[in-house]
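Coordinate inspection notes
In case you want the letters, here they are:
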Amino acid sequence: MTVPRTESDSFDRRSLHERVAADLRDEIMCGDLTPGAKVPSTARLKERFDASNATVQKALQLLKDERLVVGRAGAAVTVRDRRQRTMRPAAYMAPAEEGRPYRWLTEAAGFGGRAHSRLLEVGEVVPPADVAEAMGLADGGGAVLRRQVLCIDDEPVELVASYYPVEIARGTAMTEFRKIRGGTPALLAELGHRPVRSVDRVSARVPTREQYEVLRLPGDLPVLRTLRVVYGVWGDEVRPIEVTVMAKAGHLYELQYEFSAESEPGSESESE
């Protein structure tokens with residue numbers, strides 16, 4: 001059956017093959033086309049979208065580049081063998097237990113494969129404006145940056161830039177170019193800055209050049225950008241002890257949050 005024309009069609013300036021890919025992508029991501037299933041034949045897609053053979057092939061190539069479908073010579077195009085990976089941010093906010101790896105690595109290992117991180121940069125910097133505002137820094141104020149990429153096997157999953165108040169980080173392992181056993185949450189807790197609350201702001205963004213290259217993105221699909229502010233014990237107060245900017249491929253990963261029905265409006269407490 002041919003896709004019916006709607007009023008919105010006149011506002012969609014994308015080429016037809018991009019629109020075909022968008023519809024198939026959505027069906028893959030929501031599970032209508034299940035992992036391992038055959039994608040409808042070229043003939044069926046031509047009829048459905050009132051498209052030429054070349055247009056359908058260009059749409060399928062986009063999905064192949066995005067690693068959503070797999071095509072082999074002489075065989076039908078099939079959906080990749082897994083759906084989006086669901087990340088649960090609340091599951092790795094707390095410090096790791098003594099001697100255990102950073103909680104993200106433990107959580108990601110549940111997907112199968114080997115979870116690991118690669119440190120990219122450590123040093124004192126002037127953070128971006130939204131990070132500085134979240135940290136309460138004066139204009140031009142500095143912070144200690146630890147930037148890394150998180151991977152599962154050979155696939156880069158998330159680009160992470162974490163910023164720490166210099167008053168906390170100076171003179172600690174946070175300023176050294178090396179991994180920290182259990183991650184910085186464990187070190188912060190050890191230093192007396194136990195995390196007590198985390199606030200996430202999640203948005204969809206066009207990827208930056210660095211995100212595009214490090215995450216090996218296939219095109220102009222958006223990334224999920226999370227600005228996380230972690231509040232912790234700081235003397236007699238609860239103040240920001242870490243602000244992190246995280247970016248992951250929006251077509252391959254999703255975020256899961258759980259909220260209690262008893263939470264006060266606006267509190268956004270996570271109950272995982």
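Up top you'll find the structure we're talking about.
Below, the structure is looked at part by part.

Cut-off values and rules
- Residues numbered from 1 in each chain as written.
- Predicted model: local features only at pLDDT ≥ 70, side-chain atom pairs only at ≥ 80, totals over all residues.
- Heavy atoms only, no water.
- Helix = DSSP H or I, 4+ residues; strand = E, 2+ residues; numbered from the N terminus.
- Buried < 20%, exposed > 50% of the residue type's maximum accessible area, 1.4 Å probe, protein only.
- Pairing = 2+ DSSP bridges.
- Salt bridge = Lys/Arg side-chain N within 4 Å of Asp/Glu carboxyl O.

1. Side note on the environment of Gly 232
Turning to its location among the elements, Gly 232 is positioned in strand 8 (residues 223-234). Its relative accessible area of 0% is what places Gly 232 among the buried residues. Taking the C-alpha atoms as reference points, Gly 232 and Leu 188, separated by 44 residues in sequence, lie 8.8 Å from one another.

2. Here we look at the pairing of strand 6 (residues 155-165)
Regular strands place side chains that alternate from one sheet face to the opposite one. The buried fraction of strand 6 is high, at 11 of 11 residues. Bridge analysis of strand 5 (residues 143-152) against strand 6 gives 10 bridges, and the strand direction is antiparallel. What sits directly across from Val 149, in strand 6, is Leu 159. In textbook terms, the turn of a hairpin is the stretch between consecutive antiparallel strands, and for strand 5 and strand 6 this stretch comprises two residues, one of which, Asp 153, has a positive phi near 55 degrees. Looking at chain direction, strand 6 and strand 9 (residues 237-249) are connected through six bridges and run antiparallel. The partner of Glu 158 across the bridge, within strand 9, is Lys 248.

3. A few points about the pattern of salt bridges
The full count for this structure, using the stated rule, is 11 salt bridges. Note that Arg 225 and Asp 130 form a salt bridge whose closest N and O atoms lie 2.9 Å from each other. Within this pair, whereas Arg 225 is found in strand 8, its partner Asp 130 is found in helix 5 (residues 129-135), the two being separated by 95 residues in sequence. Residue classification places Arg 225 among the buried positions, given a relative accessible area of 12%. In this structure, Lys 248 engages Glu 158 in a salt bridge whose closest nitrogen and oxygen atoms are separated by 2.3 Å. On the criterion of sequence distance, the pair formed by Lys 248 in strand 9 and Glu 158 in strand 6 is long-range, its members being 90 residues apart. Each member of the pair, Lys 248 together with Glu 158, is buried. When salt bridges with common partners are traced through the structure, they connect Glu 121, Arg 147 and Glu 210 into a single cluster.

That is the geometry; function is a separate question.
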